[in-house]
Amino acid sequence: MKRSYELLEKRRKYVQNYVADNQHKQMKLIVAELSDQLFLSERTIYNIINQDPIFCDVA
């Protein structure tokens, strides 16, 4: 099944904003929380985090 580009970008923005808002927490805990919320593997979350940030929406 092909994923919508808009949905992938929305998920990417959500992950980046969540990481920015929770910088006081350890990265391992942030990734575990996101994994539970989004039903994604930890590896997928780390890949999203390591991508270039979307500057227009990250505070």
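None of the values given here were measured: they were computed from a predicted structure. (Residues numbered from 1 in each chain as written. Predicted model: local features only at pLDDT ≥ 70, side-chain atom pairs only at ≥ 80, totals over all residues. Heavy atoms only, no water.)

1. Observations concerning the confidence of the model for the protein
Model confidence for the protein is summarised by a mean pLDDT of 88, while 88% of its residues fall at 70 or above. Per-element mean pLDDT across the protein ranges from 93 in helix 1 (residues 5–21) up to 96 in helix 2 (residues 27–38). (pLDDT = per-residue confidence, 0-100. Helix = DSSP H or I, 4+ residues; strand = E, 2+ residues; numbered from the N terminus.)

2. Comments concerning the environment of Ile45
Looking at the secondary structure, you find Ile45 in helix 3 (residues 42–50). The residues contacting Ile45, other than those within four sequence positions of it, are Val15, Val31, Leu34, Ser35 and Leu40. (Contact = heavy atoms within 4.5 Å.)

3. With respect to unusual backbone geometry
Here Phe39, not a glycine, exhibits a phi torsion of approximately 55 degrees, which is positive. The class for Phe39 is exposed, based on a relative accessible area of 76%. (Buried < 20%, exposed > 50% of the residue type's maximum accessible area, 1.4 Å probe, protein only.)

4. Let's talk about the packing of helix 1 against helix 3
It is at 9 Å that the axes of helix 1 and helix 3 come closest, and there the two elements cross at 85 degrees. The angle between helix 1 and helix 3 places the two elements in the roughly perpendicular class. On the side of helix 1, the interface is formed by Arg11, Arg12, Val15, Gln16 and Val19, while helix 3 contributes Thr44, Ile45, Ile48 and Ile49. For the contact of helix 1 with helix 3, a count of residues per class yields five nonpolar, two polar and two charged. (Axes fitted to C-alpha atoms, helices over the stretch in contact; angles between N-to-C directions. Parallel < 35°, antiparallel > 145°, perpendicular 65-115°, else oblique. Nonpolar A, V, L, I, M, F, W, Y, C, P; charged D, E, K, R; others polar.)

5. Digging into helix 1
Look at helix 1: 24 Å from first C-alpha to last across 17 residues, which is about the 24 Å you get at 1.5 Å a residue. Buried residues of helix 1: Glu9, Arg12, Val15, Gln16, Tyr18 and Val19, and no others. Buried-residue contacts for helix 1 involve helix 2 and helix 3. (Expected span 1.5 Å × (residues − 1).)

6. A short note on the pattern of salt bridges
Going through the model one piece at a time under the given rule, you end up with two salt bridges. Residues Glu9 and Arg12 are paired through a salt bridge, measuring 3.5 Å at the closest nitrogen-oxygen approach. With Glu9 and Arg12 both in helix 1 and three residues apart, the pair spans about one turn of that helix. Note on accessibility: Glu9 and Arg12 belong to one class, buried. (Salt bridge = Lys/Arg side-chain N within 4 Å of Asp/Glu carboxyl O.)

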